[in-house]
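Here's the letter readout for the chains.
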Amino acid sequence: MASAPTRTSAPSVAENVSTFFAGSLSSSFSTVALQPLDTIKTRLQTPVAAGTTTGALTHITPNIRSVSMAIVRQHGVLGFWKGTTPSLLRVVPAAGTHLSILRAAEALYADTYGPQPMGPVAALFVAGGSRSVVAAVFQPFGLIKTRMESAIFAHYSNPVMAMRAVVQKEGLRGLFRGLVPTVLRDAPFSGIYYSVYSSLKAQYDDGTATTRFALGTVAGAGATVVTQPIDVIRTRAQLAQSASMSLAQHVRELLKESPSAATFLRGFVPRATRRIVMASATWTLFEQLMERVHGA
């Protein structure tokens, strides 16, 4: 989409609707297919306490194998897809909304500055701003998704039950727990991805899905690395049932468990795999769908 033919007028209502549905559809497939990676990532970032021979509690750093085995033991193979429903409720409309905003922004940019692609700095701020709004609106579903994926809230059997439990124990504000780190993660990721992808696409796009997926992979890799530390903090904030802890306190707690920078890389492998593939697949499919529908 970033280097699509430049528009000189705002998209029509019909085009906005088709853009929303194309964006939603393109994200739904990858959300379901890659959900196991997100579940594993959340479990890796969750503090796990186990009794020692002295009776004291100590934190154990799990690995992908141990987490996967625990999921199968507790929930069976389908346990890898825990949190899929709230994930779809969050990701699918959020992707449609975000891509619709970007498409409208491209048209506005062309009307203002002439028939030229959006510059990398403008792309960074437009995508970051769009994702900030979307992240805030759909935050409750993100919170429920994270909790259903974790071992701490394994008793949450479905999203409705989970949402009721949160509201009863933590109030409506509890549904927005972890909003700040969520925005601090999603806005930079989308801004970096869109900016880098736009620049790469303007230079190397040959119109094929393979090339676009490869360009998206490069953009996604950079955005994932930059936002990894805040993703770990976000998970901790959403799993906490107390609003009293600040971001700095979450950081200190993480460093107490493992006093090294590696603590902020927890869950990096499954997260990087999921985020890179998901972003690249969503954008590639979205652009292919839009070109078939509008020739855009």
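For the structure itself, look to the data block above.
The rules behind each value
- Residues numbered from 1 in each chain as written.
- Predicted model: local features only at pLDDT ≥ 70, side-chain atom pairs only at ≥ 80, totals over all residues.
- Heavy atoms only, no water.
- Phe/Tyr/Trp six-rings, centres within 6.5 Å; stacked < 30°, edge-to-face > 60°.
- Lys NZ or Arg CZ within 6 Å of the ring centre and 35° of its normal.
- Salt bridge = Lys/Arg side-chain N within 4 Å of Asp/Glu carboxyl O.
- Helix = DSSP H or I, 4+ residues; strand = E, 2+ residues; numbered from the N terminus.
- Buried < 20%, exposed > 50% of the residue type's maximum accessible area, 1.4 Å probe, protein only.
- Patch = residues over 30% accessible without salt bridge, like charges linked within 9 Å, V, L, I, M, F, W, Y side chains within 5 Å.
- Areas by Shrake-Rupley, 256 points an atom, 1.4 Å probe, with all protein chains shown as cover.
- Polar contact = N/O pair within 3.5 Å; in protein donor to acceptor, adjacent residues only side chain to side chain.
- Contact = heavy atoms within 4.5 Å.
- Expected span 1.5 Å × (residues − 1).
- Arc of directions from axis to C-beta.

**Q** What is the right way to read the packing of aromatic side chains from this model?
**A** Given two aromatic rings, their pairing is described by the distance between the two centres and the angle made by the two planes. Under the criterion given, the structure shown has eight aromatic pairs. An aromatic cluster of at least three residues, connected via ring pairs, comprises Phe189, Tyr193, Tyr194, Tyr197 and Trp283. Seen from the ring of Phe189, Arg275 lies directly overhead, with NZ or CZ sitting 3.9 Å from the centre.

**Q** Is there a simple way to think about the pattern of salt bridges in this case?
**A** Two side chains bearing opposite charge may form a pair once their charged atoms approach each other closely. In total, this model carries 18 salt bridges according to the counting rule given. A salt bridge links Asp38 to Lys41, with the nearest nitrogen and oxygen atoms 3.9 Å apart. A residue pair is termed a helical-turn pair when its members lie 3 or 4 positions apart in one helix, as Asp38 and Lys41 do in helix H2 (residues 35-45) at three residues. Residue classification places Asp38 among the buried residues on the basis of a relative accessible area of 4%. With relative accessibility at 2%, the residue Lys41 sits in the buried group. For Lys41, the salt bridge goes to Asp231, with nearest N and O atoms at 3.3 Å. Linking Lys41 in helix H2 with Asp231 in helix H9 (residues 209-239), this pair joins segments that are 190 residues apart in sequence. Beyond isolated ion pairs, a larger network of salt bridges with shared partners links Asp38, Lys41, Arg90, Lys145, Glu149, Arg185, Asp186, Asp231, Arg271 and Arg274.

**Q** Quick question: what am I supposed to make of a nonpolar patch on the surface here?
**A** A grouping of Val32, Val72, Val77, Leu78 and Trp81 is seen on the molecular surface, where their side chains present a nonpolar patch of about 460 Å² in accessible area. Topologically, Trp81 is positioned in the loop between helix H3 (64-75) and helix H4 (84-113). Using a relative accessible area of 34% as the deciding quantity, one classes Trp81 as partly exposed.

**Q** Even after reading the chapter, I still don't get the side chain of Gln35, so can you show me in this structure?
**A** Here Gln35 is to be found in helix H2. Judged by its relative accessible area of 0%, Gln35 falls in the buried class. Reaching out from Gln35, the side chain makes a polar contact with the side chain of Glu149 at a distance of 2.8 Å. The contacts of Gln35, once residues within four sequence positions are left out, are Phe80, Trp81, Lys82, Gly83, Thr84, Ser87 and Glu149.

**Q** Whenever I open this one, H3 confuses me. Can you help?
**A** Think of an α-helix as turning once every 3.6 residues; residues three or four places apart then point the same way. The terminal C-alpha atoms of H3, which comprises 12 residues, lie 16 Å apart, in line with the 16 Å expected from a rise of 1.5 Å per residue. Where H3 is concerned, the buried positions are Val67, Ser68, Ala70 and Ile71. End-on, the buried residues of H3 take up no more than an arc of 160°, which puts them together on one face. Across from the buried face of H3, at angles greater than 90 degrees, the exposed residues are Arg65 and Arg73.

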